[in-house]
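Overview (structure and organization)
Spelled out, the chains give:
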Amino acid sequence: VLDYAAARHIRVMPEVDVPGHCRALLNVHPEFRCYDKNAPGAPAGSVDNVICLGNDEAIAYVERIFDDVADLFPCEVIHMGGDEVKRVNWENCPKCRERMRKEGLKDVNDLQTWFVRRIEKRLSARGRRLAGWACGTGFIRGGVSYFQGHKKAFATAAAEGYDLVDDSDRYTYYIYNQCLPDDPAVYPWFSFPLSLEKAYAYDPGRLVDPANMSHVLGGQGYNWSECVPTEAELQWTLFPRACATAEALWSPVEGKSFDDFLGRMKVHRKRLLNERVNCAPLPE
């Protein structure tokens, strides 16, 4: 995979999502949980996808994973996820409470910050930069923070020198409704309108003062493949919007024209179809 990507000038940035979203790991190593949420006496609200941060063996295991990932991937940046962590387990866990006492942490928010900084220091010692979702890791000094486009907070972080990647979902989540008539791939439980024209209008620079644009490293377009049952449907949701996102991010804002893009996309869609890519139709 790395050789294939390198030949096409693509860097593969790995992501190891911790300390939440870890159900697969914890199914193999249940001893790394604070609690089994289904066991008698488990505190109300316990979850089964969050690592116990009071468990030295669990943290050492995660650190070894990051060491191995750093050995495997040449990319300077390694992503640790960090979002959507339900901290209710830590609030009730004796090991986590002892960790907070020992480290002088006032609450479970500080406990996650302590963990993030520990991973960041380990990667930094290997010449790597940590990336994380800012809604979970906070803004990472010296790292890269992925942050949805809340303009004031994004602009402030850029002005303070944090390196950022915009992940504004209303422009970039291909799982969202692409506004086609009779679209067979619509997920009403997790969807907002995201037409091809709106995808093309994406501009992370809208969030910051031009003087701070050097701290906006870019944006992204993405899908949640666990929501998509087949590769054909995945392609349908990705294309042609991924083409619009690519041009939006790689082109100067000045001179962009959706009509011009649409005319070229009619030709490119034929190329995609000839390559057996299940590209959705273009708007009339």
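This structure is a prediction, so every number in the text was calculated from the model and none was measured. (Residues numbered from 1 in each chain as written. Predicted model: local features only at pLDDT ≥ 70, side-chain atom pairs only at ≥ 80, totals over all residues. Heavy atoms only, no water.)

1. A few points about the nonpolar core
- With 36 residues, the main nonpolar core has V18, I51, F66, W90 and F115 as its most contacted residues.
- Every element with two or more residues in this core is listed here: α2 (23–28), α3 (56–72), α5 (94–103) and α6 (108–124).
- If you tally residues by element for this core, the top one is α6, at seven residues.
- V165, V228, A244 and L262 belong to the second-largest nonpolar core, a separate cluster that totals 31 residues. (Core = buried A, V, L, I, M, F, W, Y, C linked by side-chain atoms within 4.5 Å. Buried < 20%, exposed > 50% of the residue type's maximum accessible area, 1.4 Å probe, protein only. Helix = DSSP H or I, 4+ residues; strand = E, 2+ residues; numbered from the N terminus.)

2. Digging into the environment of V267
- Counting through the fold element by element, V267 comes out in helix α13 (residues 258–274).
- Accessibility expressed as a relative area gives 45% for V267, which makes it partly exposed.
- Once the C-alpha coordinates of V267 and R99 are considered, the two residues, 168 residues apart in sequence, prove to be 59 Å apart.

3. A look at the side chain of Q220
- Inspection of the secondary structure puts Q220 in the loop between β5 (216–219) and α11 (231–238).
- Those residues within four positions of Q220 in sequence are excluded, and the remaining contacts are W133, Y146, D166, D167, T172, Y202, T245 and L249. (Contact = heavy atoms within 4.5 Å.)

4. What to know about the pairing of strand β2 (residues 129–133)
- Most of β2 is tucked away, with five of its five residues classed as buried.
- The alternating pattern of β2 places R129, A131 and W133 on one face and L130 and G132 on the opposite face, and all of these are buried.
- Bridge count between strand β1 (residues 77–79) and β2: three bridges; the pairing is parallel. The residue of β2 that forms the bridge with H79 is A131.
- One ladder, built from three bridges, connects β2 with strand β3 (residues 144–147); its direction is parallel. Within β3, the position partnered with W133 by the bridge is Y146. (Pairing = 2+ DSSP bridges.)

5. So, the packing of aromatic side chains
- Enumeration over the complete set of coordinates arrives at 15 aromatic pairs.
- Centroid distance Y173 to Y176: 5.1 Å. Interplanar angle 45°. Geometry classified as tilted.
- Geometry around Y171 places K198 over its ring, the cationic atom sitting 5.4 Å from the centre.
- Across from the ring centre of Y200, 4.7 Å away, lies the NZ or CZ of K256, which sits over that ring. (Phe/Tyr/Trp six-rings, centres within 6.5 Å; stacked < 30°, edge-to-face > 60°. Lys NZ or Arg CZ within 6 Å of the ring centre and 35° of its normal.)

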